[in-house]
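Understanding the architecture of this molecule
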Amino acid sequence: MTALPHVLHPQPIAAAFPSFLTGPSLAGMEKYLADESRRQGTAEAMSFPTSTAEVVGAVEEANEKGWPITVSAARTGITAGAVPEGGLLLSLERLTAITGLRQAADGTFYLHCEAGALLADVQKGVRTGSFADVAQWSAVSKRALEALKQVKLFYPPDPTETSAAIGGTVACNASGAHTFLYGPTRPYVQRLVVVLTDGRVLDLERGTHLAGPDGRFGIAQPDGTVAWGTVPSYLWPRTKNSAGYYTAPELDLIDLFIGSEGTLGIITEAEIRLVAAPETNCAIMTFWPDEATALRFTRALRERRAELGVEAIEYVDPNAMAMLRDRRTTLGAASGIPSCLSDSAQSAIYLDIGTAVAALPQVLAELAELVTTCGGDPEQCWSAMERDERERLRIFRHALPETVNSMIAEARKRHPGITKLGTDMAVPDEHLERIMAVYREKLDAADLTYVVFGHIGNNHLHVNILPRNPEDYRKGWELYHEFARTVVELGGSPAAEHGIGKLKTDFLEFLVGAKGIAEMREVKRLFDPGMRLGMGTLFAA
Ligand SMILES: Cc1cc2nc3c(=O)[nH]c(=O)nc-3n(C[C@H](O)[C@H](O)[C@H](O)COP(=O)(O)OP(=O)(O)OC[C@H]3O[C@@H](n4cnc5c(N)ncnc54)[C@H](O)[C@@H]3O)c2cc1C
């Protein structure tokens, strides 16, 4: 019988059994119960499989014991998706091999990795043409590697935290500053190997299994029947979005797993697409007399992103600039903030440019003209062509989140219950000015201290509220929720890149409504009938 393209056929494979830590042997393993959200979880057992077969063995053991399973990778997530709520913590940190490379007939290169391979190792390997596991590669992969060395390629997904694992970035559909030009992780994922909670394994290649025109798709069951489901009917926001199961007409079923935050299956291997890297890169910091001119410049750049090779547009708002100046005054050179930061610079826009070497002078000239047209002064811009100059700009940019974190740490000494309130929301292009006005009006009226910075190219700004005391914290939380509702009303996303995890489940409901949550639950039930994978993530337990 010919397999229908909208029916998935997971296969049984021979399981191998990894060791498990339980009871007293869990002592000293507390770091695996937390991620960068700082939430602390609990687990009855932990396992660190080294192959897909061992993941299957771990799943079978968990099934036997009735343990829920939480998958974790590098634990850099900040919404507690990898934090277990009891049961088995399945860490993929030992599945780290980069196992091969292939060049398709059209010349495209695809890199094959285990899910625990680190993003930093992938990026470095592609850049240098050198991979730790190459001795184990097939002859075909080694030939492809020789071809790779003749071209300049890269893997575009760039969450700031490059110690994240490939599986984690796929599970979160990670994005970052360069998403402005290149998009998030999803379009770069060509193939996934996924272990389902019944222990069968799906090997899913992009373009091979689609939902039908009515949104229906099925999973073949061990007894030969097919369990049918439907992709969610909510509309996907026209912005960056990391909230909820992806949906689209005739959805490619691989896209259900990308961004599912460890709730549908355990990704053990991924094949990712590499693309041509620009011949040369430069970074430019532009300064603006006020926010309005900075926003004007953002709009102008957006229209010319491909032509000028604008990879990222990042914003630093007037409050953040003032905070950096203060830090410079307090810490001097140790702050990493250059002394020449002009007082007339009220806000800043940082650009990454990637272009051809021959085109660079023209691109820079056109950017200078654009700065002038928008009300800025090209003489005040800092451009960084060489690696060490780019590093100077990087230190300047990173001084901002570091300063925010140190201010929160200070406040926590007096009021330990306080945490940073940092938003992760994006709106469609036409609502950038409106959302900025909403943020300012509400935060100023509440007399809160805050800074705004981040991915303005995608209208995805991180508003960081810095509570000074518990009352500020309470007001900040209220506004945080109000902003999430406003962003959804404007057609945007309340969780644009960090996911929902366990901390923002109410935001998911704002976005997709009770009906959308019910539809997502049905999809989950199809892959995970016992609802035991990633308990508490996406859906409140
Ligand atoms: C300083 C800092 C900056 C950051 N900047 C960005 C940014 O710019 N953009 C961005 O998108 N994110 C950012 N993040 C968040 C984080 O780095 C990303 O979400 C990243 O994708 C998480 O990868 P990880 O390997 O650490 O996954 P983990 O944190 O271990 O897990 C994250 C989620 O994925 C699931 N998961 C992990 N591996 C698998 C797997 N193999 N199969 C199934 N499910 C799995 C987990 O269950 C969990 O729900 C940042 C984090 C930090 C600390």
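Quick note: structure is the one above.
Quick look at the structure, then. (Residues numbered from 1 in each chain as written. Predicted model: local features only at pLDDT ≥ 70, side-chain atom pairs only at ≥ 80, totals over all residues. Heavy atoms only, no water.)

1. Remarks on helix 1 (residues 52-65)
Since the α-helix packs 3.6 residues into each turn, any two residues three or four apart lie on the same face. Test applied: A run of H or I in DSSP counts as a helix once it spans at least four residues, and a run of E counts as a strand once it spans at least two, with each numbered from the N terminus. For a helix, the expected span equals 1.5 Å multiplied by the residue count minus one. Buried, partly exposed and exposed residues are distinguished by accessible area as a fraction of the type maximum, computed with a 1.4 Å probe on protein chains only: under 20%, between the cut-offs, and over 50%, respectively.
Helix length check: helix 1, at 14 residues, gives a terminal C-alpha distance of 20 Å against a target of 20 Å (1.5 Å per residue), a fit within 8%. Among all positions of helix 1, only Thr52, Ala53, Glu54, Val55, Val56, Gly57, Ala58, Val59 and Ala62 are buried. Two residues or fewer after helix 1 comes Gly66, characterised by a positive phi angle close to 75°.

2. Regarding the pattern of salt bridges
Rules: Salt bridges are counted wherever a side-chain nitrogen of Lys or Arg sits within 4 Å of a carboxyl oxygen of Asp or Glu.
As enumerated under the stated definition, the model contains 26 salt bridges in all. Put simply, Asp203 and Arg191 hold a salt bridge, and the shortest N to O gap is 2.7 Å. One end of the pair, Asp203, is in strand 10 (residues 201-205); the other, Arg191, is in strand 9 (residues 189-195), with 12 residues separating them in the sequence. Residue Asp198 is joined to Arg200 by a salt bridge in which the shortest nitrogen-to-oxygen separation is 2.8 Å. For Asp198, a relative accessible area of 40% gives the class partly exposed. Residues joined by salt bridges that share partners form a network here, namely Arg102, Glu205 and Glu271.

3. Some remarks on the sheet that holds strand 4 (residues 69-72)
Inclusion rule: Strands pair, by our definition, only if DSSP identifies at least two bridges between them. As a rule, the C-alpha atoms of each element are fitted with a line to give its axis, helices using only the stretch in contact, and angles between N-to-C directions run from 0 to 180 degrees. Contacts were defined at the residue level, with two residues in contact if any of their heavy atoms lie within 4.5 Å.
Judged by pairing direction, the sheet is mixed, and its 4 strands sit side by side in the order 2-3-5-4 without closing on themselves. In this open sheet, the two strands that pair with only one neighbour each are strand 2 (20-22) and strand 4. Each strand axis lies, on average, 20° off the axis of its neighbour in the sheet, ignoring direction. As paired strands, strand 2 and strand 3 (residues 45-47) are joined by 3 bridges and run antiparallel to one another. Across the sheet, Leu21 pairs through a bridge with Met46, a residue of strand 3. Strands in contact with helix 1 are strand 2, strand 3, strand 4 and strand 5 (88-91); relative to strand 5, the strand with the most contacts, it is inclined by about 175°.

4. Let's talk about the packing of aromatic side chains
Cut-off, in case you're wondering: Geometry of aromatic contacts follows a simple scheme: Phe, Tyr and Trp rings, the Trp one being its six-membered ring, pair when their centres are within 6.5 Å, and the pair is stacked under 30 degrees between planes, edge-to-face over 60, tilted otherwise. Comment: the charge-over-ring label is applied if NZ (Lys) or CZ (Arg) is within 6 Å of the ring centre and within 35 degrees of the ring normal.
Under the criterion given, the structure shown has 16 aromatic pairs. Both rings, one in Tyr32 and one in Phe48, keep their centres 4.9 Å apart while their planes meet at 75°; by these two values the pair is edge-to-face. Taken together, the residues Tyr32 in the loop between strand 2 and strand 3 and Phe48 in the loop between strand 3 and helix 1 connect sequence positions 16 residues apart. For Phe48, a relative accessible area of 8% translates into the label buried. Centroid distance Trp477 to Tyr480: 5.3 Å. Interplanar angle 15°. Geometry classified as stacked. Linking Trp477 with Tyr480, this pair stays in helix 13 (residues 470-489), spanning 3 residues, or about one helical turn. The exposure class assigned to Trp477 is partly exposed, which follows from its relative accessible area of 34%. The buried category is assigned to Tyr480, whose relative accessible area is 5%. An aromatic cluster is present here, built from Tyr473, Trp477, Tyr480, Phe507 and Phe510 joined pairwise through their rings. Sitting over the face of the ring of Tyr246, Arg186 holds its NZ or CZ atom 3.8 Å from the ring centroid.

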